[in-house]
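Residues per chain are reported as follows:
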Amino acid sequence: MSTVTQTLAPATLDRAAAHRGRRPRKLTAGRVGLYAFLALSAAFFLLPLYIMVVTSLKTMDEIRLAEIFAFPAAPTLDAWVAAWSTACTGLDCSGIQVGFLNSVKILLPSLVLSIGLGAVTGYALSLWKIRGANLLFAVLLLGAFIPYQVFIYPLVRMFSMVGLYGTLPGIVLVHVIFGLPIMTLLFRNFYSSLPPELFKAARVDGGGFWQIFVHVLLPMSTPILIVAAILQVTGIWNDFILGLVFAGRENLPMTVQLNNIVNSAQGEKLYNVNMAATILTALVPLAVYFLSGRWFVRGIAAGSVKG
Amino acid sequence: MATRIRRSAAPVVALTPSILIVLLAYVGTMLWTIWISFTSSRLLPVNSFAGSAQYERLFGDPRWLLAVQNLALFGVLFIGICLVLGFLLAVAIDQRVRAEDSLRTIFLYPHALSFIVTGLVWQWMMNPTLGIQESIQALGWTSFRFDWVVRRDMAIYAVVIAGVWQSAGLVMALMLAGLRGVDEELWKAARVDGIPTWRVYVSIVLPLLKPMIVTSVVLLSIAVVKVYDLVVALTNGGPGTATAVPAKFVMDYLFERQNIGLAASASTVMLVTVLCVLAPWLYSEYFRKAKGSAA
């Protein structure tokens, strides 16, 4: 993982802006091939987005013509309105807005708590000498890679014993638990990379554990806080399995509701509504992606350990 | 004296939530799952030791064997294609092309999307009557088939395509960072010696990118073992059991088929597999280096 962290170092990323060699002047056969490859690849990556958007703007009559590539003759937002406010999961037809609100309710506390805990843990593990710290870190690190299936059932039992199973605090706690390894790793690596004199000087000045954290380290943590927030917003928003198991019927996140709408719809399948609901679910992470630019690359490279 | 005690206690106090999480939610649950896998638990967990009975059942279960086989096939194809495509894209982008930033954005955006969204889009595109297949056939290519999600023999390849679409950009981003880290002098020297560019890439640059390749393989492998959402959204394990995967096998036996013991043995097998992939890598990447530059 240190390789990942190296690629995240600002120096490497800035170098990523530098080009290799001169731009060739002439258009050779090789250049044509190169651009053809890039154009084909771009088409492959963009096609699903295009199809999602055009399908969501069509009427069902138009979709039944089976011209999936065609641009809608008369683009309409009806499917978007239906997806948001009247799409059905089972007998409940109040649209994907229910899932959207649930996801927001899950996201906000999970985001704050998991970043807070990760920052404090990473700080304690990186700058303070604590017995057993390495062992704690090693277990956390392994935890980041282990499939959820190993933990899920015992956690369900524990949570139901204390009445947290199927509640909003329950799903938030689960996100804090499974966000802890990657958050700790991020902050530990970040604080370890700071000049050690900084911490020593603060110690000499009599700063205590919390004082140094709040007054010295937090003010310089903005970059890593941004990376952590990008990771957790996309990670928690995109989560399916934890929401499915722990959130409970009342708090199902958007991804779970989306899957229920699309995959267990009774009667005629409304593909335009399905695609509109799919785009709506993708909007938050897409917005994060387009707004954060280069920051996102740092985030996903570190965050992919979550799988 | 009092302050010294307070100071040395503060870090431990700060770590208490994390220690509790590690002990209860990680180590405790893991040990519990492993223990249950050696009992005769079915609907409810019981503590009657049953030796390796669950494992014998597991490896006698055609569904599990199919899930393992699918995982291997998916894993090899998914990792292989992601690596090759990601590397080629990175190399292509690194040739001083126009619109580099836009291309990078296009190749990477699917990675921001969830596997649920990915699965649902590809399911729609592979719809046998209204999807891509119908449009291409209407153009005159009547033997064209792209209904993989509803074909038992092709459904797992549908999962591969959707997975590659979601993850190849990640490899591209990692490889590109690696390419940009290659020393400019090396390129000048190769140009002076008249070595063809492709040869430099294969013989010199590729070995230099080894850390990026290893990181990509580890990240992709973890995604492979965890694959669940994508299958649920794309095929829901079907048609029939054609796209069964271990993670879904465990979830089905835990929450629908009510066989805790069998599910626990399956998740223990997953755990051991991940540890076998990880242990050497984590050790060499993390702790050996940490010791070398001990702070």
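Parameters and conventions
Residues numbered from 1 in each chain as written. Chains lettered and ligands numbered in written order. Predicted model: local features only at pLDDT ≥ 70, side-chain atom pairs only at ≥ 80, totals over all residues. Helix = DSSP H or I, 4+ residues; strand = E, 2+ residues; numbered from the N terminus. Buried ≥ 20, exposed ≤ 12 C-beta atoms within 10 Å, placed from the backbone. Contact = placed C-beta atoms within 7 Å. Rg over C-alpha atoms; globule rule 2.2 N^0.38 Å. Nonpolar A, V, L, I, M, F, W, Y, C, P; charged D, E, K, R; others polar. pLDDT = per-residue confidence, 0-100. Core = buried A, V, L, I, M, F, W, Y, C linked by C-beta atoms within 7 Å. Expected span 1.5 Å × (residues − 1). Bend = angle between axes of the 7 residues up to and from the residue. Axes fitted to C-alpha atoms, helices over the stretch in contact; angles between N-to-C directions. Parallel < 35°, antiparallel > 145°, perpendicular 65-115°, else oblique. Left-handed = near helix turned anticlockwise from the far one by under 90°.

Peer 1: How would you summarise the overall build of chain A if you had to cite specific residues and measurements?
Peer 2: If you tally the helices and strands in chain A, you get 16 helices and 0 strands. Here chain A holds 307 residues, and 50% of them are scored as buried. Taking contacts inside chain A between residues at least 6 apart in sequence as the whole, the part at least 24 apart equals 77%.

Peer 1: Tell me about the overall build of chain B, and name the residues and values.
Peer 2: Assigned secondary structure in chain B consists of 13 helices and 0 strands. Walking chain B from its N terminus toward its C terminus, one meets helices and strands in the order α-α-α-α-α-α-α-α-α-α-α-α-α. What you see for chain B is a C-alpha radius of gyration of 24 Å, clearly larger than the 19 Å of a compact globule of 295 residues, by over 25%. Projected onto the principal axes, the alpha-carbon positions of chain B cover approximately 75 × 70 × 30 Å.

Peer 1: Outline the interface of chain A and chain B, listing residues and values.
Peer 2: Each partner contributes to the interface: chain A provides 82 residues, whereas chain B provides 85 residues. Tallying contributions element by element places helix α3 (residues 29-56) of chain A first for the side of chain A that touches chain B, with 11 residues. Of the residues that constitute the side of chain A that touches chain B, the class distribution is 55 nonpolar, 23 polar and 4 charged.

Peer 1: Give a description of the confidence of the model for chain B that names residues and reports values.
Peer 2: All names here are of chain B. Averaged over every residue, the pLDDT of chain B is 88; residues scoring 70 or more account for 93%. Highest mean pLDDT in chain B belongs to helix α5 (residues 115-125) (96); lowest belongs to helix α13 (residues 260-292) (79). Every residue in residues 1-6 scores below 50 in pLDDT, and together they form 0 contacts with partners more than four places removed in sequence or on other chains.

Peer 1: Quick one: what's the story with the environment of A:Leu280, residue by residue and with numbers?
Peer 2: Residues and elements named next belong to chain A. With respect to the secondary-structure elements, Leu280 resides in helix α15 (residues 271-292). When the C-alpha positions of Leu280 and Ala83 are compared, they lie 8.4 Å apart, and in sequence the two are 197 residues distant. With residues near it in sequence (within four places) discarded, Leu280 still touches Ala83, Trp84 and Ile96.

Peer 1: Now, about unusual backbone geometry: what can you tell me, with residues and values included?
Peer 2: Residue and element names in this part refer to chain B. A cis amide bond, omega -5°, links Gly238 with the succeeding residue Pro239. Tracing the backbone shows Pro239 in the loop between α11 (229-234) and α12 (246-255). The backbone of Arg96 shows a phi angle near 55°, a positive value even though the residue is not glycine. The topology assignment puts Arg96 in the loop between α3 (62-93) and α4 (100-108).

Peer 1: Describe the nonpolar core, naming the residues involved and giving the relevant values.
Peer 2: All names here are of chain B. Ranked by internal contacts, the top residues of the largest apolar core, which has 181 residues, are Met172 and Met175. Among the elements that line this core, the one with the most residues is helix α7 (residues 155-180), at 17 residues. With residues near it in sequence (within four places) discarded, Met172 still touches Gly86, Leu89, Ala90, Phe107 and Leu108.

Peer 1: Pulling in residues and values, what's your account of α3(A)?
Peer 2: Two residues of an α-helix separated by three or four positions point the same way, owing to the 3.6 residues in each turn. An ideal rise of 1.5 Å per residue puts 40 Å on 28 residues; α3(A) measures up with 40 Å between its terminal C-alpha atoms. The largest bend along α3(A) reaches roughly 40° and is located at A:Leu46, with the proline A:Pro48 sitting one to four residues downstream.

Peer 1: Tell me about the confidence of the model for chain A, residues and numbers included.
Peer 2: With 89% of its residues at a pLDDT of 70 or more, chain A has an overall mean of 86. Segment residues 1-19 of chain A: pLDDT under 50, and 34 contacts once partners within four positions in sequence are set aside and those in other chains are kept.

Peer 1: Please give an account of the packing of helix α9 (residues 168-192) of chain A against helix α12 (residues 222-238) of chain A that cites residues and values.
Peer 2: All names here are of chain A. Packing of α9 against α12 leaves a shortest axis separation of 11 Å and a crossing angle of 155°. The angle between α9 and α12 falls in the class roughly antiparallel. The handedness of the crossing between α9 and α12 comes out as right-handed. Contacts between α9 and α12 pair His175, Gly179, Ile182, Met183, Leu186, Phe187 and Phe190 from the former with Ile224, Val227, Ala228, Leu231, Gln232 and Ile236 from the latter. A per-class count over the contact of α9 with α12 returns 10 nonpolar, 3 polar and no charged.

Peer 1: Pulling in residues and values, what's your account of α12(A)?
Peer 2: Residue and element names in this part refer to chain A. End to end, α12 covers 24 Å across 17 residues, agreeing with the expected 24 Å (1.5 Å per residue, within 8%). In terms of burial, α12 is a largely internal element, 12 of the 17 residues being buried. Listed as buried for α12 are Ile224, Val227, Ala228, Ile230, Leu231, Gln232, Val233, Thr234, Gly235, Ile236, Trp237 and Asn238.

Peer 1: Could you give me a rundown of the environment of A:Ile96, with the residues and numbers involved?
Peer 2: All names here are of chain A. Note that Ile96 resides in the loop between α5 (78-85) and α6 (97-127). For Ile96, a count of 26 C-beta atoms within 10 Å translates into the label buried. For the pair Ile96 and Gln257, spaced 161 residues apart in the sequence, the C-alpha separation amounts to 6.9 Å. Ile96 has contacts with Ala83, Trp84, Ala87, Met254, Gln257, Leu258, Ile261, Ala277, Leu280 and Thr281, leaving out every residue within four places of it along the chain.

Peer 1: Can you lay out the environment of B:Ile260 for me, pointing to particular residues and giving the numbers?
Peer 2: Within the secondary structure, B:Ile260 sits in helix α13. Separated by 219 residues in sequence, B:Ile260 and B:Ser41 place their C-alpha atoms 5.9 Å apart. Those residues in contact with B:Ile260 that sit more than four places away from it in its chain are A:Tyr153, B:Ile36, B:Ser41, B:Arg42, B:Pro45 and B:Leu254.

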